[in-house]
Amino acid sequence: MSELHDTTMPAVAYRKSLPVEDPESLVDVDLPVPQPGPRDLLVKVEAIAVNPVDYKVRQNNDPGGEPKVLGWDAAGTVVAVGDEVELFQVGDDVYYAGAIDRPGTNARFHTVDERIVGRKPATLSFTEAAALPLTSLTAWEGLFERLGLREAALEQTGTLLVTAAAGGVGAMVAQLARALTSLTVVGTASRPETVEFARRMGVTHVVDHHRPLAPQLAEVAPDGVDFIFSTVGTDRNLAAYADVFKPFGQLVAIDDFGAVEIGLLKSKSISFHWELMFTRSLHQTPDQAKQHHILTQVARLVDAGILTTTATTDLGTVNAAHLREAHRILESGSTIGKITLTGF
């Protein structure tokens, strides 16, 4: 492991679950620089992105006074490596989403298992790259692992519905489906600016999620829908999904909800899947390195001009005030693309 002279670092943490309007909901702290484990990289973080999981953890997991660092998207440079690291070396520029059961990326230095890290796309800045990992992994796993679509199988046709197509995950689902399949992508959006962004990301038809979905989908997909990637509103939309699905359709959901009337899907033999991109790291599955390979593929597609960053709003340097603003925007539910912060 290379020598690192810094012993403490700036970070943003929370000590108690508080409303985002409270200045104590996220605070600036100094913490010890973490030491990498055997398979870990120590990354000097140059940019981060913020996701709904950040505020959900802040709201629902009270750390009891201890500083807890959030953040599950980062881009930066490797400054030290563990003894068993094989994929990277000091000086490599990387991007990744990290693991939900380890300290987050809202810190100047961060440790992460190399198996869930990719080399940063060469054509993107750190800020542009930081917007991609969590949503790219979620979209890729949802499409090609949960729904069973085949990568680069351009003969694969049908209709895919993605909800909140201008959001972080929805925008990556649209891009990947457009680039690597021949599916017709239908996305939900409601405002002129979100409709425009969704179309730019690869959506062919847009329906308004504030109006009943089934009649609108009957117009743009009269034969029905083969696949649904549900990023929000799965519980309230399940009856509409059951109505518009073709028999033997496939549904993947990533949002949080309680009980749903799953029996609605039985008559058409619809398959329901969960997608959580943290499953591999959380349960230490043998195939954790699959996420390294996915991020490598995404970087190649970006550098080839096939995929683009979804970074739309940079709020400035990483500090508590700027992160509180990021959480506030995300909690409002009106985000387009991804919110980033750059530098310390």
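You'll find the structure just up there.
Residues numbered from 1 in each chain as written. Predicted model: local features only at pLDDT ≥ 70, side-chain atom pairs only at ≥ 80, totals over all residues. Heavy atoms only, no water.

(A) Quick look at the overall build of the protein. The helix and strand inventory of the protein stands at 10 helices and 16 strands. Taking 2.2 N^0.38 as the reference for a compact globule, 344 residues should give roughly 20 Å; the C-alpha atoms of the protein span a radius of gyration of 20 Å, in line with that estimate. Dimensions of the protein along its principal axes, counting C-alpha atoms only, are 65 × 45 × 35 Å. Of all 344 residues assigned to the protein, the portion counted as buried reaches 55%. Looking at the protein as shown, the accessible area adds up to about 14300 Å², and 51% of this sits on carbon and sulfur atoms. If you average the places of the 29 positive and of the 43 negative side-chain charges in the protein, the two averages end up 4 Å apart. (Helix = DSSP H or I, 4+ residues; strand = E, 2+ residues; numbered from the N terminus. Rg over C-alpha atoms; globule rule 2.2 N^0.38 Å. Buried < 20%, exposed > 50% of the residue type's maximum accessible area, 1.4 Å probe, protein only. Areas by Shrake-Rupley, 256 points an atom, 1.4 Å probe, with all protein chains shown as cover. Lys, Arg positive; Asp, Glu negative; His and termini not counted. Charge placed at Lys NZ, Arg CZ, Asp CG, Glu CD.)

(B) The sheet that holds strand β11 (residues 205–207), seen in detail. The strand order across the open sheet built from 6 strands is β11-β10-β9-β12-β13-β14, with neighbouring strands paired in parallel fashion. At either margin of the open sheet sits one strand with a lone partner, and together these are β11 and β14 (271–274). Here the average twist between neighbouring strands, direction ignored, is 20 degrees. Bridge count for strand β13 (residues 245–253) against β14 is 4 bridges, and the pairing is parallel. The partner of Gln250 across the bridge, within β14, is Ser271. (Pairing = 2+ DSSP bridges. Axes fitted to C-alpha atoms, helices over the stretch in contact; angles between N-to-C directions.)

(C) Highlighting helix α7 (residues 234–244). By the burial criterion, the buried members of α7 are Thr234, Asn237, Leu238, Tyr241, Ala242 and Val244. In an axial view of α7, the angular spread of the buried residues amounts to 155 degrees, which keeps them on one side of the axis. For α7, exposure combined with an orientation more than 90 degrees from the buried face picks out Arg236 and Asp243. The inward-facing, buried residues of α7 abut β9 (159–162), α6 (213–220), β12 (225–230), β13 and β14. (Arc of directions from axis to C-beta. Contact = heavy atoms within 4.5 Å.)

(D) Region of interest: the nonpolar core. In this structure, Leu41, Leu143 and Leu160 are the most contacted members of the largest nonpolar core, which totals 77 residues. Here this core gets 8 residues from one element, more than from any other, and that element is helix α4 (residues 168–180). Non-local contacts of Leu41, meaning those with residues more than four positions away in its chain, are made with Pro36, Val78, Ala80, Val81, Val85, Phe88, His110, Thr111, Val112, Glu114 and Val117. Grouped together as the second largest cluster of nonpolar side chains are 16 residues, Ala242, Val244, Phe245 and Leu265 included. (Core = buried A, V, L, I, M, F, W, Y, C linked by side-chain atoms within 4.5 Å.)

(E) Focus on the side chain of Gln288. Here Gln288 shows up in the loop between α8 (279–282) and α9 (290–303). The class for Gln288 is buried, based on a relative accessible area of 2%.

(F) Geometry of the sheet that holds strand β2 (residues 27–32). Taking strand neighbours across the sheet as the criterion, the 3 strands line up as β2-β1-β4 in an open arrangement whose pairing is antiparallel. Lying at the two open borders of the sheet, with one neighbouring strand each, are β2 and β4 (68–69). Of the strand pairs in this sheet, strand β1 (residues 8–14) and β4 are connected by 2 bridges, and their pairing is antiparallel. Paired with Ala13 across the two strands is Val69, which belongs to β4.

(G) Representation of unusual backbone geometry within the structure. Not every positive phi belongs to a glycine, and Ala164 is a case in point at roughly 50 degrees. Position of Ala164 relative to the elements: it lies in the loop between β9 and α4.

(H) Focus on the environment of His209. Following the sequence through the fold, His209 ends up in the loop between β11 and α6. What makes His209 partly exposed here is its relative accessible area of 35%. Here the alpha-carbon distance between His209 and Gly233, two residues 24 residues apart in the chain, equals 9.4 Å. For His209, the contacting residues outside a window of four places in its chain are Ala164, Thr188, Ala189 and Ser190. Reaching out from His209, the side chain makes a polar contact with the side chain of Thr188 at a distance of 3.0 Å. Within the local environment of His209, its side chain forms a polar contact with the side chain of Ser190, the two groups lying 3.4 Å apart. (Polar contact = N/O pair within 3.5 Å; in protein donor to acceptor, adjacent residues only side chain to side chain.)

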